[in-house]
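Coordinate inspection notes
The residues making up each chain are set out below.
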Amino acid sequence: MSSIRPWRDIARRKSRQIMVGNVPVGGDAPVSVQTMTNTLTSDPVATIDQIRRCEEAGVDIIRVSCPDEESTKALKQIVRAARVPIVADIHFHYKRALEAADAGAACLRINPGNIGSNDRVREVVQAAKANGCAIRIGVNAGSLEKDLLEKYGEPCPEALVESALDHIKLLQDHDFHEYKVAVKASDVFLAVAAYQGLADAVDCPLHLGITEAGGLIGGTVKSAIGIGNLLWAGIGDTIRVSLSAEPEEEVRVGYEILKSLGIRSRGVRVVSCPSCARQGFDVIRTVQALEERLQHIHTPLSLSVLGCVVNGPGEARETDIGVTGGGNGKHMVYLSGVTDHHVQDPDLIEHIVKLVEAKAAEIEAATSDAGVVAGGAGH
């Protein structure tokens, strides 16, 4: 069937699906959002607290670093407490991978070529198979193998893809196929080109990211350009936005990228103007306050906040709830695109929060009613 708006369609790359714990990655599964804790993994209380905040933000998968034995010992408690699958980040010491698999990690982030002999690779694969673990191969432009740097002269897309294929072969040689792959770089052009090359070369799920992207604003922009470019082209099955910011911010940015492309919806999508001298209320401060106050809403719905009547009514027609600035501190509220009532300036934020909460509850009730009807239809 042809799409009503073909210019919005994304033709997703066909990949096979793997399971990371109970989260499907690849195939027709939703693109999942990941982040990584920055607490000491050896401190399970602090790590679990941070995981909780990320879960509240909607994270699907969380990675924790396991650099030492204290960390893999704490991992068992962390895995038990987490509501989402945990990926153990392992770099050079294969024993940490064995310990993490036994501790209940859903996935090991490890480059098999970095851990030494073929026997060690076999041990890690056996531990992964025995514990139902996936493996994530993580190639990074900043830590390419010496022979590839010598061959290509510098990190380039071909070098990243060759590195990934070398690591993949080590797993396939041991009949292990539950893997996903990342080819990250801090250079957006390099990362995008490497992912495009890898997408053509393999059928496994791809984990997208622009590594060392920067702080909240700079890193968000770089990630949105790189990850967004690839997702728009249909490439990518799970994403991690790497920011020098708290992990829950990475999750929020990840969802905003997915929401912008219509790939996934979660929470309130705010349509708001940059504001100008025509504004009937302080748009910038109002939007900041509303975004903060509405973080607890997980139901997908749309809210337009516009300062005046130039674009306000048009945008409000397209959103679930809208507010348009008027004169004398009296603003028009739209419900389901239709003018409904006015609100006074001092009550604006509180009033909109209550309307959004009520609309979210109404949508949830309708969804659960539809589920009951569908569930009962076969009886």
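Residues numbered from 1 in each chain as written. Predicted model: local features only at pLDDT ≥ 70, side-chain atom pairs only at ≥ 80, totals over all residues. Heavy atoms only, no water.

Take the overall build of the chain next. On a plain count of helices and strands, the chain comes out with 12 helices and 15 strands. Since a compact globule built from 379 residues should have a radius of gyration of about 21 Å, the 23 Å found for the chain is in line with a globular shape. Across its three principal axes, the chain shows a C-alpha extent of roughly 75 × 50 × 45 Å. Once local pairs closer than 6 in sequence are excluded, the contacts in the chain between residues at least 24 apart make up 63%. Only carbon and sulfur atoms are counted for the fraction: they give 52% of the accessible area of the chain, which is about 17900 Å². Between the averaged position of the 39 positive side-chain charges in the chain and that of its 49 negative side-chain charges there is a distance of 1 Å. (Helix = DSSP H or I, 4+ residues; strand = E, 2+ residues; numbered from the N terminus. Rg over C-alpha atoms; globule rule 2.2 N^0.38 Å. Contact = heavy atoms within 4.5 Å. Areas by Shrake-Rupley, 256 points an atom, 1.4 Å probe, with all protein chains shown as cover. Lys, Arg positive; Asp, Glu negative; His and termini not counted. Charge placed at Lys NZ, Arg CZ, Asp CG, Glu CD.)

All right, on to helix 1 (residues 44-57) then. Here helix 1 spans 20 Å end to end across 14 residues, near enough to the 20 Å set by a 1.5 Å rise per residue. Among the residues making up helix 1, those that are buried are Pro-44, Thr-47, Ile-48, Gln-50, Ile-51, Cys-54, Glu-55 and Ala-57. Burial along helix 1 is one-sided: seen end-on, the buried residues are contained in an arc of 165°. Where the residues of helix 1 are buried, they touch strand 3 (32-36), strand 4 (61-65), helix 2 (69-81), strand 5 (86-89) and helix 9 (247-260). Just downstream of helix 1 lies Gly-58, where phi reads positive at about 105°. (Expected span 1.5 Å × (residues − 1). Buried < 20%, exposed > 50% of the residue type's maximum accessible area, 1.4 Å probe, protein only. Arc of directions from axis to C-beta.)

Further remarks concern empty space enclosed by the protein. Counted under the stated rule, the structure contains 1 cavity of 30 Å³ or more. In this model, the largest cavity occupies a volume close to 40 Å³. Around the largest cavity sit Asn-111, Asn-114, Gly-138, Val-139, Asn-140, Ser-143, Leu-144, Glu-145, Ser-163 and His-167, which together line it. Going through the elements one at a time, strand 7 (134-140) and helix 6 (157-172) are the ones with two or more residues in the lining of the largest cavity. By residue class, the composition of the lining of the largest cavity is 2 nonpolar, 7 polar and 1 charged. (1 Å grid on protein atoms, 1.4 Å probe; cavity = no way out; pocket = protein on both sides within 12 Å on 5 of 7 lines; lining within 4 Å. Points joined across faces, edges and corners; volume = space filled by probe spheres on them. Nonpolar A, V, L, I, M, F, W, Y, C, P; charged D, E, K, R; others polar.)

Turning next to the pattern of salt bridges. In this structure the tally under the stated criterion is 19 salt bridges. Salt-bridge contacts for Arg-63 lead to Asp-89; the nearest nitrogen and oxygen are separated by 2.7 Å. A residue pair is termed long-range when its members are at least 10 positions apart, and Arg-63 in strand 4 and Asp-89 in strand 5 qualify at 26 residues. Between Arg-252 and Glu-249 there is a salt bridge; the shortest N-O distance is 3.4 Å. (Salt bridge = Lys/Arg side-chain N within 4 Å of Asp/Glu carboxyl O.)

Right, let's talk about unusual backbone geometry for a bit. Unlike most non-glycine residues, Glu-212 shows phi in positive territory, near 45°. The topology assignment puts Glu-212 in the loop between strand 9 (207-208) and helix 8 (216-232). Look at Ser-336: it is not a glycine, yet its phi comes out positive at around 50°. Residue position: Ser-336 is located in the loop between strand 14 (330-335) and strand 15 (338-344).

Turning our attention to the sheet that holds strand 10 (residues 238-240). Sheet architecture is open: 8 strands sit in the order 8-7-6-5-4-3-10-9, paired in parallel fashion. Every interior strand has two partners, whereas the edge strands, strand 8 (179-184) and strand 9, have only one. Pairing between strand 5 and strand 6 (residues 107-109): 3 bridges, direction parallel. By the bridge assignment for strand 6, Asp-89 is matched with Arg-109. (Pairing = 2+ DSSP bridges.)

What follows concerns helix 3 (residues 94-102). Taken as a whole, helix 3 has its buried residues at Tyr-94, Arg-96, Ala-97, Leu-98, Ala-100 and Ala-101. Its buried side turned inward, helix 3 meets helix 2, strand 5, strand 6 and helix 4 (118-131). Two residues or fewer after helix 3 comes Gly-104, characterised by a positive phi angle close to 105°.

Considered as a void within the structure, the largest pocket measures approximately 980 Å³ in volume. Along the walls of the largest pocket sit 30 residues, with Glu-249, Arg-252, Glu-256, Glu-291 and Gln-295 positioned nearest its centre. Every element with two or more residues in the lining of the largest pocket is listed here: helix 1, helix 8, helix 9, strand 11 (268-272) and helix 10 (283-293). Considering each element in turn, the lining of the largest pocket owes the most residues, 7 residues, to helix 9. Looking at side-chain class alone, the lining of the largest pocket contains 12 nonpolar, 8 polar and 10 charged residues. Taken as a whole, the second largest pocket spans an internal volume of roughly 540 Å³. Contributing to the lining of the second largest pocket are 29 residues, with Arg-63, His-91, Asn-140, Thr-211 and Glu-212 lying nearest its centre. Of all the secondary structure elements, the ones that give two or more residues to the lining of the second largest pocket are strand 7 and helix 9. In terms of residue count, strand 7 provides more of the lining of the second largest pocket than any other element does, 4 residues in total. Residues belonging to the lining of the second largest pocket are distributed by class as follows: 8 nonpolar, 12 polar and 9 charged.

In this section: the side chain of Asp-60. Mapped onto the fold, Asp-60 is located in the loop between helix 1 and strand 4. Separated by 2.7 Å, the side chain of Asp-60 and the backbone nitrogen of Val-33 make a polar contact. Among the polar contacts listed, one links the side chain of Asp-60 to the side chain of Arg-264, at a separation of 2.8 Å. Setting aside its immediate chain neighbours within four residues, Asp-60 contacts Val-23, Val-31, Ser-32, Val-33, Val-84, Pro-85, Tyr-255 and Arg-264. (Polar contact = N/O pair within 3.5 Å; in protein donor to acceptor, adjacent residues only side chain to side chain.)

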